[in-house]
Each structure stands twice: as structure tokens, then as C-alpha cells.
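# Observations on the model geometry
Residues per chain, in single letters:
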Amino acid sequence: MDNLKVSPCGTHHLRSDGREVYQRRFDQVLPFHAPGLAPVKLTHTSWHIRPDGTDAYKARFDETFGFYCGVAAVVSDGLWFHIDSEGNPLYESRYAFVGNFQNDVCVVCDVEGSYYHIDLSGKPLYSSKWSYCGDFREGAAVVQGRDGLSSHIDFSGELIHGEWFLDLDVFHKGYARARSNEGWHHISKAGTPLYPARYANVEPFYNGCSRVETGDGALRVINEKGETLRTLRRPTIDHFAELSADMVGYWRTMALKTASQSGLFDQLPANQQQLSKSTGMAPERLVRFLRALGELGVIQVERDKYVLTEKGQYLRSDHPKTLVSAPEEYGGDLLRRWERLPAILKGADVDQDIFDEISHDEERVKAHHEMLASYALHDYAPVVPLLNINAGDVVFDAAGGTGTLSSLVKRRFPEADVYCGDKTEITQQQLYDGVHYLPFDLFEPWPICVDKLLLARVLHDWNDKQVALILQHAKAALRPGGELLVLEMFLPKLGFGGGLCDLHLLAVTGGQERSEDHYSDLLHNAGFDVVETVNGGSLVSVLRCRPKP
């Protein structure tokens, strides 16, 4: 059997000397595996044959695959399972997918889309189910939770180290590749990083060495301590030029602001003459302006007309997640507020109640909350299905703006009674059907009592003292058995991620981004227990909280 190979045309098998093994021809054949059987296909029907070309059994399937651990994966009527060498099903269950057995264990995906491992009798190894899992190697398998993060389990389904990563590989010689927010690195079986550096990519260790790519494009060989042994390629990014680009970031903001104010994006596709007439821009200067927008990647030229790129589509006013108002916000009042940053960093006490200021400007209310609604639609859509909201629950989206998150909750949980609360000037817009709008003030007792209370990216706008008062009102607004759901971006435990967002809040609202531990401390001091942290596979995570008994 080891001397048999698939022919170049893939229709039969050959001996090592090139002679035909048998005379039959198939549409497709795959290699022979122990116990000496090979998958074949003919006229949309599949089965296995012996080395002499005869059929191994009478059964027929839609698809057949190679034998591993004495059994093979097959597909019949769209459902997957395993058979023995005589074509008999190994078990009664049927799946949406099955892998190949290794070490007498196999990955399966049930018809509900959940992954887990089974043994040769078809029995699950453990009770847990995952959104994805892979094969075992060195006693561990990668599993992915519903939040999109990955960890390692053992054969009993228990977490090996309890650490979770954005991406993860199986162990190879005791180490695994792992990706955090900061980048790729290697971890031990205890889940701890081998070194502090993070990379754009890393390869598994081979004889104690790994080839890695740095964030600036350099290629290096490192050892298991993270020490550089050799440099294979110098950086492809010019740090001087990169820093210079950082310092002129306002060029981008102001170019987009100018285009947005002129209504240019809504007029595309159009040629140069049409745009000059509609925007009032001088033709020769318009060309220079369009070149800059092209460099930003928001427009391109097709058949002598300027058109929006996929990225630029978000700048149309009729896009469901339009950001057409964002350049005006970032290039206007928000930019001016950043000019106060040096004084703020030195401890100056400045008026930062931006929300009250916005609420008294009718035009800005519309623009600012249009921008926030697009961010909400983008950030919250992956999280809403993970919220533990039940039929009949009264849900309050506190400081929920124009109600984008409220509408997503109502759509996902139609039997819940959903309220959106904010300042009177905001709630009077009542943009979404099925959502009740309730004027209220975060810092006064709340006029509602609910089962589930949402604080979605609210707490980060305020300092710790203000957060304490908000949580005090939140606790008073919960019914017995109710829960507070805090949706926020967490600062990572390691690295600098989120630093600019945090600085923006310091300059603009006086608030701050916080770590998960910081939020947990604030909630604990306010009389809440954090019962679960749900990572939604986006920037936003959820803290499920209940009032302490």
C-alpha cells in the first residue's frame, strides 16, 4: 500500500514504478490509508476501494475521505458521520461536519453549529460546546468561545491555562503561537508569554528558533527567550516618515471635513466638470483636492468618473452607517477641545460638559448623534445577541442617544419592553418604532424601574466620582433580580492599546477609558457583583452585574 500513489490525472492508482494497479477508472481517487482502502468518486457517488481496485463494501455516499484510526469520514444527504472498513456507520448521530480521528478523538460540528470532540464510539468527550475547536496536539486542542476568543482545553474539556486570545495555535514542542491585541507571540502551556515583544507574525519554534516579522516589516530569527539571533530583513517602514505622518493627521481630518461640507460624496459618481459646477470649486484646485481624497482611499477613477471606494461609501449621507457628520465633529469643536490638553494635563479645571452644550444646539444634536448612531450600529451589533435579555423584561438603555442600541435590542428580543433614556432634546426625535423614549438626567434619580439596565459606553465619558453617582441611580432603578449590563472597551493589561481614545476622553469629556479591573472596582464599590464578562468579538465587552445581596 505504501508503494501506491495517485496517478497524475487523478483517476486511478499507480505502483512506484509507474505501472497501473488496476484497470478501472474513476472521476477522482485519493491516496490509500490503513487498513488499505482509498476513497473514490464516480458520477457524483463515492465509496472506498481495495488496492486491487475492487469495492470495499456495497454502500454509497455523496463524499468519502481517507481512513484514520481505522474509520473514515463520509457525507450522505448532506450530513456527515464516520464508517468502519465495511461501510457501516460508526454511530447513529449525524453532523454538519466531522474531521478525521487522531489519537482516537475527532472534531465534530452539530447541526446547530456547535463544535466539540467525540471518541470512536461517537460519545462526546465532555459536555461543553464551542463555536469552533481543532484537533488535539500534545494533549491540547484550541477552542473558540462564542465571544470569538480562543483558549486550550485538555481531553476532558477543561481549560488548560484559562487565558484567552484573539487567535491561537496548537502546541508545537511545548509552545503555541498566540495573538493578543498587541500582536503575535509565543506562550507556554501555562498560557504565559515567553517574552514581552509582540509581532505582526511568528512561526512555530524549530530547534529553538522562530522566524518573526516585526510591526515595521523587519524579519528576524529569535530564540525561546525572545532574543534576536539574526536579522533577515531590515524594516520596510520608515519611522521618520511614519512619525511625520502622525503629526499631520489633521490634514486627513480637514480634507474629509471640507469634502463632507461641500456634499461632494453624495454627488459621486461624477466627472471633474460636474463636480466643479456642483461644489463651486475652481477646476484646477478641484483636481488637487480629488488627488488628496484619492490618496486617503475614499475615491478612485473609473471610466473618467470619480467614484467612491468601499471605504468611501461610509461618507455618503444615505449609508446605513454613515460617517458624513464625523469629519465636522472631529475637525470642529472636538479639535478645539484638544487644544486645551496641555492645561488639562497640568491639572486645570475646565468646563467639559459637552453633552449639555450639544443639547442646546439643534443642528449639532442631529450631526453628533448621527455619528454616534453609526458607531453604535457598528460596535453593538455583534454584542446584542450575547445579552441575557428574556421575554417580558423591561429594558432601559440609559443615555442611549437616539436609540440605535435600543432598536437593535428590540429587534433581537421583540418580547422585551425597551426604553431609551436621554436628554429631552435627544429623546424627542423618537427615531425608532417599538422603542419607548424617556427624558431623564443621569445625575438625578431615574424615573423608571427595570429588569435589565444598559450602560453602553456611558461610564467612560465621566470621572470616577461621577460614575459612582451614576451607578447609585442605576442600582436604585433595578427591580429585584435585575441586572446591570455595562458595555465598554477595556484597556488591555499589557501594552498601550486604547491610549489615544483615553486621551480624547480626557480632552473632550473629562472621562477615561478603563481596564476591566478598574470597572470591576467601581462596580464593587457601588454595591454590584460582576457575575460574568462577555467579550463580543468587537471593541466592546459586556460586564453582567447584579446588586449585592
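Just above, that's the structure.
The notes below deal with the structure included here.

### Structural notes on the overall build of the protein
When you go through the protein residue by residue, the secondary structure sums to 14 helices and 32 strands. With the C-alpha coordinates aligned to their principal axes, the bounding extent of the protein is approximately 85 × 70 × 50 Å. In the protein, which comprises 549 residues, the share counted as buried stands at 45%. Taking contacts inside the protein between residues at least 6 apart in sequence as the whole, the part at least 24 apart equals 43%. For the protein, the accessible area works out to roughly 28000 Å², and carbon and sulfur atoms hold 51% of it. Mean positive and mean negative side-chain charge positions of the protein (56 and 75 charges, respectively) differ by 5 Å.

### A closer look at the sheet that holds strand β17 (residues 183-187)
Pairing is antiparallel across the open sheet formed by three strands, whose spatial order is β15-β16-β17. Edge strands, defined here as strands with exactly one partner in the open sheet, are β15 (167-172) and β17. Going from strand to strand, the sheet's axes swing by 20° on average, the running direction of each strand aside. Relative to β17, strand β16 (residues 175-180) runs antiparallel, the two sharing five bridges.

### Focus: the side chain of Ser7
Turning to its location among the elements, Ser7 is positioned in the loop between β1 (5-6) and β2 (13-14). In contact with Ser7, not counting residues within four places along its chain, are His12, His13 and Leu14.

### So, the pairing of strand β23 (residues 305-308)
Regular strands place side chains that alternate from one sheet face to the opposite one. As paired elements, strand β22 (residues 299-302) and β23 share four bridges and run antiparallel to each other. Residue pairing in the sheet places Ile299 in a bridge with Leu308 of β23. In sequence, β22 turns back onto β23 through a hairpin of two residues, with Arg303 there showing a positive phi of about 55°.

### Details of the layout of surface pockets
When its volume is computed, the second largest pocket comes out at roughly 1400 Å³. In this structure, the second largest pocket is lined by 41 residues; those nearest its centre are Leu149, Trp164, Asn181, Glu516 and Asn535. Mapped onto the lining of the second largest pocket, the elements with two or more residues apiece are β16, β29 (490-491), α14 (516-525) and β31 (528-535). The biggest single contributor to the lining of the second largest pocket is β31, with four residues.

### Here we look at the packing of aromatic side chains
Applying the stated criterion to the full structure yields 19 aromatic pairs. Relative to Phe61, the ring of Tyr57 has its centre 6.1 Å away and its plane inclined at 75°; by these criteria the two rings are edge-to-face. Neither residue differs from the other here; Tyr57 and Phe61 are each classed as buried. Between Tyr115 and Tyr132, the aromatic rings sit 5.1 Å apart at their centres with planes inclined by 55°, giving tilted as the arrangement. A residue pair is termed long-range when its members are at least 10 positions apart, and Tyr115 in strand β11 (residues 115-119) and Tyr132 in strand β12 (residues 132-133) qualify at 17 residues. Tyr115 sits in the buried class, given a relative accessible area of 17%. Grouped by ring-pair contacts, the aromatic residues Tyr22, Phe26 and Trp47 constitute a single cluster. The ring centre of Trp184 lies 4.5 Å from the NZ or CZ of Arg177, which sits over that ring.

### A few points about the nonpolar core
With 42 residues, the main nonpolar core has Phe26, Ile49, Ile83, Tyr95, Val98, Ile118 and Ile153 as its most contacted residues. Excluding residues that lie within four positions of it along the chain, Ile49 makes contacts with His13, Tyr22, Phe26, Phe32, Gly36, Leu37, Ala38, Val40, Thr54, Asp55 and Ala56. Among the nonpolar cores identified, the runner-up in size contains 30 residues, and Leu453, Ala477, Leu522 and Ala526 belong to it.

### Considering the state of the cysteines
Taken as a whole, this structure holds zero disulfides when the rule is applied. Note on Cys69: no disulfide assigned, nearest cysteine sulfur contributed by Cys106 at a separation of 9.0 Å. Under the relative-accessibility criterion, Cys69 is labelled partly exposed at 38%.

### Overview of the side chain of His152
With respect to the secondary-structure elements, His152 resides in strand β14 (residues 150-153). The buried category is assigned to His152, whose relative accessible area is 0%. Of the polar contacts made by the side chain of His152, one reaches the backbone oxygen of Asp169; its length is 2.9 Å.

### Some thoughts on the sheet that holds strand β18 (residues 201-202)
If you trace the four strands from one edge of the open sheet to the other, you get β18-β19-β20-β21, paired in antiparallel fashion. Each having just a single partner strand, β18 and β21 (228-233) make up the two edges of the open sheet.

### What to know about the packing of helix α12 (residues 464-476) against α14
Axis separation between α12 and α14 bottoms out at 10 Å; the angle between their running directions is 50°. Taken as axis vectors, α12 and α14 run oblique relative to one another. Once α12 is placed against α14, the crossing between them reads as right-handed. Of α14, the residues touching α12 (which contributes Asp464, Val467 and Leu471) are His518, Leu522 and Leu523. Its residues assigned to classes, the contact of α12 with α14 comprises four nonpolar, one polar and one charged.

### A short note on unusual backbone geometry
Cis geometry is found at the peptide bond from Ala34 to Pro35, where omega equals 15°. Tracing the chain through its elements places Pro35 in the loop between β3 (28-29) and β4 (38-42). Unlike most non-glycine residues, Asn103 shows phi in positive territory, near 55°. Inspection of the secondary structure puts Asn103 in the loop between β9 (97-98) and β10 (105-109). Judged by relative accessible area, which is 58%, Asn103 ranks as exposed.

### A short note on the pattern of salt bridges
Applying the stated criterion across every chain yields a total of 23 salt bridges. The shortest N-O distance in the salt bridge between Glu357 and Arg364 comes to 3.7 Å. A relative accessible area of 40% places Glu357 in the partly exposed class. Between Asp464 and Arg514 there is a salt bridge whose closest N-O contact spans 2.9 Å. Highlighted residues: Asp464 in helix α12 and Arg514 in strand β30 (residues 514-515), separated in sequence by 50 residues. If you follow the salt bridges from partner to partner, you end up with Glu329, Asp333, Arg337, Glu357 and Arg364 in one network.

About the thresholds
Residues numbered from 1 in each chain as written. Predicted model: local features only at pLDDT ≥ 70, side-chain atom pairs only at ≥ 80, totals over all residues. Heavy atoms only, no water. Helix = DSSP H or I, 4+ residues; strand = E, 2+ residues; numbered from the N terminus. Buried < 20%, exposed > 50% of the residue type's maximum accessible area, 1.4 Å probe, protein only. Contact = heavy atoms within 4.5 Å. Areas by Shrake-Rupley, 256 points an atom, 1.4 Å probe, with all protein chains shown as cover. Lys, Arg positive; Asp, Glu negative; His and termini not counted. Charge placed at Lys NZ, Arg CZ, Asp CG, Glu CD. Pairing = 2+ DSSP bridges. Axes fitted to C-alpha atoms, helices over the stretch in contact; angles between N-to-C directions. 1 Å grid on protein atoms, 1.4 Å probe; cavity = no way out; pocket = protein on both sides within 12 Å on 5 of 7 lines; lining within 4 Å. Points joined across faces, edges and corners; volume = space filled by probe spheres on them. Phe/Tyr/Trp six-rings, centres within 6.5 Å; stacked < 30°, edge-to-face > 60°. Lys NZ or Arg CZ within 6 Å of the ring centre and 35° of its normal. Core = buried A, V, L, I, M, F, W, Y, C linked by side-chain atoms within 4.5 Å. Disulfide = S-S within 2.5 Å. Polar contact = N/O pair within 3.5 Å; in protein donor to acceptor, adjacent residues only side chain to side chain. Parallel < 35°, antiparallel > 145°, perpendicular 65-115°, else oblique. Left-handed = near helix turned anticlockwise from the far one by under 90°. Nonpolar A, V, L, I, M, F, W, Y, C, P; charged D, E, K, R; others polar. Salt bridge = Lys/Arg side-chain N within 4 Å of Asp/Glu carboxyl O.

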